Amino acid sequence: MPHQTLDHLFTCLGFVIWGDLGHTTIYRNHRGLVVFFEKTWPHKPPSPAQTVQRTKFIEAAAAWQELSPADRRQWHLATRRASLCCHGYDLYVHWRTSGDDAAIRTLQRQTRTQLISP
């Protein structure tokens, strides 16, 4: 599919659509026009460093699934109370992949939530 541009925002039921949609990638260019083009696939396998990063995210997602609903609610509550522009899941994945216990302990103190064990 050749490159196509639209002079208006491509939306569906009021939602902005961008990223990969099926075999098409959609994005806005520097002039604000919406661009559609056929998705490009990797030409080579992931590097060892990429594999390590992907494994970290897979493990973080699996650990989130293992949390109890009450624990998940605490993570969501902390993000709302701190007015963070993310969901509890995003904060949890950040913590699991970065290991930044100090930041999470500060957030616990500020939001009066229990996210990680003392």
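As the structure is a prediction and not an experimental result, all values here were calculated from the model.

Looking only at helices and strands, one finds four helices and six strands in the protein chain. Counted from the first residue to the last, the protein chain has its helices and strands arranged as β-β-β-β-β-β-α-α-α-α. When each of the 118 residues of the protein chain is scored for burial, the buried share is 24%. When the accessible surface of the protein chain is totalled, it reaches about 8,800 Å², and 58% of it is carbon and sulfur.

Glancing now at the packing of aromatic side chains. For the coordinates displayed, the defined rule picks out six aromatic pairs. For the ring pair tyrosine 27 and phenylalanine 37, a centre distance of 5.8 Å and an interplane angle of 75° mean the geometry is edge-to-face. Of this pair, tyrosine 27 sits in strand E5 (residues 24–28) while phenylalanine 37 sits in strand E6 (residues 34–38); the two residues are 10 residues apart in sequence, bridging distant segments of the chain. Overall, phenylalanine 37 belongs to the buried group, its relative accessible area being 18%. A centroid spacing of 5.1 Å and a plane angle of 85° characterise the contact between tryptophan 75 and tyrosine 92, whose relative ring orientation is edge-to-face. On the criterion of sequence distance, the pair formed by tryptophan 75 in helix H2 (residues 69–81) and tyrosine 92 in helix H3 (residues 88–98) is long-range, its members being 17 residues apart. Across the pair, tyrosine 92 and tryptophan 75 agree in class, each one buried.

For the rest of this paragraph, the subject is the nonpolar core. Counting residues in hydrophobic clusters, the biggest one holds 12 residues: Ala63, Trp64, Leu67, Trp75, Ala78, Leu91, Tyr92, Trp95, Ile104, Leu107, Leu115 and Ile116. Per-element tally for this core: the top contributor is H3, with three residues. Filtering out sequence-adjacent residues up to four positions away, leucine 107 remains in contact with Ala78, Ala82, Leu84, Leu91, Thr113 and Leu115.

A separate point is the pattern of salt bridges. Any two side chains of opposite charge can pair, so long as their charged atoms come close to each other. Evaluated as defined, the whole model comprises one salt bridge. With its nearest N and O atoms 3.6 Å apart, the salt bridge here joins aspartate 20 to lysine 39. Of this pair, aspartate 20 sits in strand E4 (residues 19–21) while lysine 39 sits in the loop between E6 and helix H1 (48–66), placing them 19 residues apart in sequence.

The next thing to look at is H2. Since one α-helical turn is 3.6 residues long, residues separated by three or four positions face the same way. With 13 residues, H2 extends 18 Å from end C-alpha to end C-alpha; this agrees with the ideal 18 Å at 1.5 Å per step. For H2, every residue scored as buried is listed here: Trp75, Ala78 and Thr79. When H2 is viewed along its axis, its buried side chains cluster within an angular range of 95° and face the same direction. Exposed and facing more than 90 degrees away from the buried side of H2 are Pro69, Arg73 and Arg80.

Reading the values: rules and limits
- Once a new chain begins, its residue numbering starts again from 1 and follows that chain's sequence as written.
- Two thresholds apply to this predicted model, a pLDDT of at least 70 for residue-level local features and 80 or more for giving and counting side-chain atom pairs, whereas whole-chain, interface and lining totals are computed over all residues.
- Excluding hydrogens and water, the side-chain figures rest on all heavy atoms present in the structure.
- Helix and strand assignments follow DSSP, with helices taken as H or I runs no shorter than four residues and strands as E runs no shorter than two, numbered in order from the N terminus.
- Burial classification: accessible surface area is computed with a 1.4 Å probe over protein chains only, and a residue below 20% of its type maximum counts as buried, one above 50% as exposed, and the rest as partly exposed.
- Exposure was quantified through the Shrake-Rupley algorithm and a 1.4 Å probe, taking into account, for residues, occlusion by the shown protein chains and nothing else.
- Working definition: a ring pair exists when centres of Phe, Tyr or Trp rings (six-membered ring for Trp) sit within 6.5 Å. Plane angles under 30 degrees give stacked, over 60 give edge-to-face, the rest tilted.
- As used in this record, nonpolar core signifies buried Ala, Val, Leu, Ile, Met, Phe, Trp, Tyr and Cys residues forming a set joined through side-chain atoms within 4.5 Å.
- In what follows, a contact means two residues having at least one pair of non-hydrogen atoms within 4.5 Å.
- What counts as a salt bridge is simple: a side-chain nitrogen of Lys or Arg found within 4 Å of a carboxyl oxygen of Asp or Glu.
- The length a helix should cover is 1.5 Å for every residue beyond the first.
- Note that the arc is defined by the directions from the helix axis to the C-beta atoms.

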